[in-house]
Each structure stands twice: as C-alpha cells, then as structure tokens.
Amino acid sequence: MARYSRHVYAIAYRMAGNEADAKDLAQEAFIRVWRALRRIEPGAPLEGWLHRIVTNLYIDLLRRRPKVHLQSLDEPVATDSGEMQRERADPNVDVERTVLDAALDRRVQEALLDLSADLRMVVVLADVEGYAYEEIASMMGVPIGTVKSRLHRARRTMRDRLAPIRRELRQS
Amino acid sequence: MSTHRIERQLSAYLDGELGAEDTAEVRAHLDGCESCRAELESLRATKTLVGRLGQPSLPGDFAAGLWSRIERPTARRWFWWPRPAMALAAAALAVVLVAVPLVRGHLDRLRAAEVGPDLFLRSYAPAAAADPFVDRAFITLVSTDAGLRLLGEDPRGSR
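Every value quoted in this text rests on a predicted model; they were computed, and no experiment measured them. (Residues numbered from 1 in each chain as written. Chains lettered and ligands numbered in written order. Predicted model: local features only at pLDDT ≥ 70, side-chain atom pairs only at ≥ 80, totals over all residues.)

> Can you tell me about the interface of chain A and chain B, naming the residues and giving the values?
Contacts between the two partners involve 38 residues from chain A, matched on the other side by 27 residues from chain B. In terms of residue count, the dominant contributor to the side of chain A that touches chain B is helix α7 (residues 144-171) of chain A (nine residues). Class assignment for the residues of the side of chain A that touches chain B results in 18 nonpolar, five polar and 15 charged. (Contact = placed C-beta atoms within 7 Å. Helix = DSSP H or I, 4+ residues; strand = E, 2+ residues; numbered from the N terminus. Nonpolar A, V, L, I, M, F, W, Y, C, P; charged D, E, K, R; others polar.)

> Can you tell me about the packing of helix α6 (residues 117-128) of chain B against helix α7 (residues 136-150) of chain B, naming the residues and giving the values?
Residues and elements named next belong to chain B. Running from N to C, α6 and α7 point in directions that differ by 140 degrees, and their axes come no closer than 10 Å. The orientation of α6 with respect to α7, classified from their angle, is oblique. α6 and α7 meet at a crossing whose hand is left-handed. Two secondary-structure elements touch here, α6 through P117, D118, F120, L121, A125 and A128 and α7 through I139, V142, S143, D145 and A146. Across the contact of α6 with α7, the residue classes tally to eight nonpolar, one polar and two charged. (Axes fitted to C-alpha atoms, helices over the stretch in contact; angles between N-to-C directions. Parallel < 35°, antiparallel > 145°, perpendicular 65-115°, else oblique. Left-handed = near helix turned anticlockwise from the far one by under 90°.)

> Give me the lowdown on the nonpolar core, citing residues and values where you can.
If you look at the biggest cluster of nonpolar residues, it comprises 44 residues, and the most contacted ones within it are Y9, A12, M15, V122 and V123 of chain A. When residues in this core are grouped by element, the largest group, eight residues, is from helix α1 (residues 2-16) of chain A. Apart from residues lying up to four places away in sequence, M15 of chain A is in contact with L25, Y58, L62, R120, M121 and V124 of chain A. Core analysis: the next-biggest nonpolar cluster, separate from the first, contains six residues, L10, A12, Y13 and V26 of chain B among them. (Core = buried A, V, L, I, M, F, W, Y, C linked by C-beta atoms within 7 Å. Buried ≥ 20, exposed ≤ 12 C-beta atoms within 10 Å, placed from the backbone.)

> Describe the confidence of the model for chain B, with residues and values.
Residues and elements named next belong to chain B. On average, residues of chain B score 82 in pLDDT, and 89% of them reach the 70 mark or higher. When the elements of chain B are averaged for pLDDT, α6 gives the smallest value, 74, and helix α2 (residues 20-32) the largest, 95. Per the prediction output, this complex has pTM 0.63; the corresponding ipTM is 0.76. (pLDDT = per-residue confidence, 0-100.)

> Tell me about the confidence of the model for chain A, and name the residues and values.
Residues and elements named next belong to chain A. Per-residue pLDDT for chain A averages 79, and the proportion of residues at 70 or more is 74%. Taken element by element, chain A is modelled with least confidence in strand β1 (residues 77-79), mean pLDDT 49, and with most confidence in helix α5 (residues 117-128), mean pLDDT 93. Segment residues 68-74 is flagged for pLDDT under 50; beyond a separation of four residues in sequence, or across chains, it makes 23 contacts in the model. Below a pLDDT of 50 lies the segment residues 86-95, which in the model reaches 13 contacts outside its immediate sequence neighbourhood of four places, other chains included.

> Explain the packing of helix α1 (residues 3-14) of chain B against α2 of chain B to me, using residue names and the numbers behind them.
Residue and element names in this part refer to chain B. Close contact between α1 and α2 brings their axes to 10 Å; oriented N to C, the two are set at 115 degrees. When the axes of α1 and α2 are compared, the crossing they make is left-handed. From α1, I6, Q9 and Y13 reach across to α2, where they touch D22, T23, V26 and H29. The residue makeup of the contact of α1 with α2, split by class, is three nonpolar, three polar and one charged.

Put into structure tokens, the structure is as follows:
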C-alpha cells in the first residue's frame, strides 16, 4: 500500500484542492481496493486496476460534492507542537519543471477546480502525472478519442483562465 | 484537414500522440498558419504551467486514518448477504425454472390426449408461440405426428 499511497494521494489532492478532502478521497479509494482485493486474482495487474477505481471514485464523489475549500501547500500546518511547514518534494533543477511558488500554485489549482471533474481528471493525469493517452483511457475506461478531446477542451479552458499568469511570468 | 480540425488536433500534436500522417499534416499546416502556431504556443505554455504544480506530501496520519476506517464496520447491503443464503436463493430459482416447463409439458400431454392432436394444435399452438415456458419439444412432436397422419403414415413407424 505504501508504494501507491503517495501517488494516489497526489492525484486526490489535485482533484479535491485541499488536504482534508484529498485524504478522505484517497482513503476511500484504498478502502474500495481493499474490499475488492479479496475478489481479484492474485496475478492481476494491480496498478491499472487501482487507477481505475481511483479515477472513477474521484469523479463520482466530486460530482456529488462539488464545493471545495482551497488550501495552499505552503500554508503552515497546525500540529500538537505548534505550526510547521509542509515538507515538499525536491523541485527538479530543470527550469521548465521548477515548481510554482505558493501563490501561483494556488491560482493554477483554482483554475483546475473550475473544470468539471471529467476534464480535471484528464488534465491531472496527463499534465501533472505525465501519463500517455492510452494509459489514461484505460484508467478512466473511456476511448482514446475521448481522452484526446477532453484534454484539448480542458487545456483551452485552462489556457484562458491562466492567461493573466502567463503574462505575469513573461514580464518577470 | 480543415483549420478547425487542425486546431482540435493541436493538444495531441503537442503531446506527440498523433500518428505519423496526422503529425505531418499538422506540421505542414503550422508552417503556413500563424494563428495555429500561436494557439499551439499558448497550449504548450498552459501544459508547462500545470506541469509545474508541486507534489503534495502525504499527510503523516494517512495510513493510521485509513486502517481505522477499514476496521470500522459498515452497513450491510443486500448483495453482501452471507454466501449460503445466496446459494439457496440461486438453487430455488433454478428449480423453479426447470420445474415450470416440466409440469406445464405434462399438463399439455394430458390435454392433447384428451382433445386429440389436431384440435390441440389448432387451439394451442398460436398461444404457445408467445409463451416462454411452453415445452416446445412436445409441440413439435405433436405437430409432426399430426402431419404424418395427414400424409397417411403412421407416426410410430409401422405401416
């Protein structure tokens, strides 16, 4: 389970937009996997199947519960021993892959949350997680053509929403 | 390809997800179309920006919370009935599905013997066509016998 939790949680975080809902979603996904595990063959390809449960669950739950609260990853977390900063993955040295600062991260996440759950899932899997269309199609149980058209629609919407940020980045 | 169709292919082109032929076609179009080049660049910038979102770290209490939820009993749903109950229900259904045509077939035989095969067929066969539980083998047998009799042959084989 440890092998998949970070990954499943990362997708959940980008789909839900806040830590509490992401934790809830990711845990619910694991519970469903746990229950279904008793019914699948030992040799079945676990990863693709896990992704399928996760993506469909996220889309279902988020459709029913569209209101989300946004919380930045860089906001301090309240713990028993006072506030502390979240640990972040090391950003790549590559400038293109340098992670956004907290404010920009939040604005891009807001734009993601404006998309419908179907479109958001495709963008998260393709552009955040870097999956190929074929993999996304199999995870979501839709034809490749659907992935292609959803991703294009989602990117055009994101492009319009993110136009001010792109202008700011070009100027700085 | 029309400009509109090329535009719709730009995301897939950007991701290297088009076939060789479509890729060449989009590339050729881009050489001569400034607005599509601008569109492609804006999509590329968007993809790059989204790709720079940070990787959230897993909350420290994730695994503990998960285990406590797994161990919490959940409400039973009808399809989680205990297996013996499900098996019994399935067996009862199978018995009904086999017994109904058998009993019906037996009753049909008695009735055919009573009224004679010709009358039985005339009054019964049209209604039987729509009845899923009718013993079709018996109806076929009776109608074949009736046909042979019409031809002057003995259906039991002795001349």
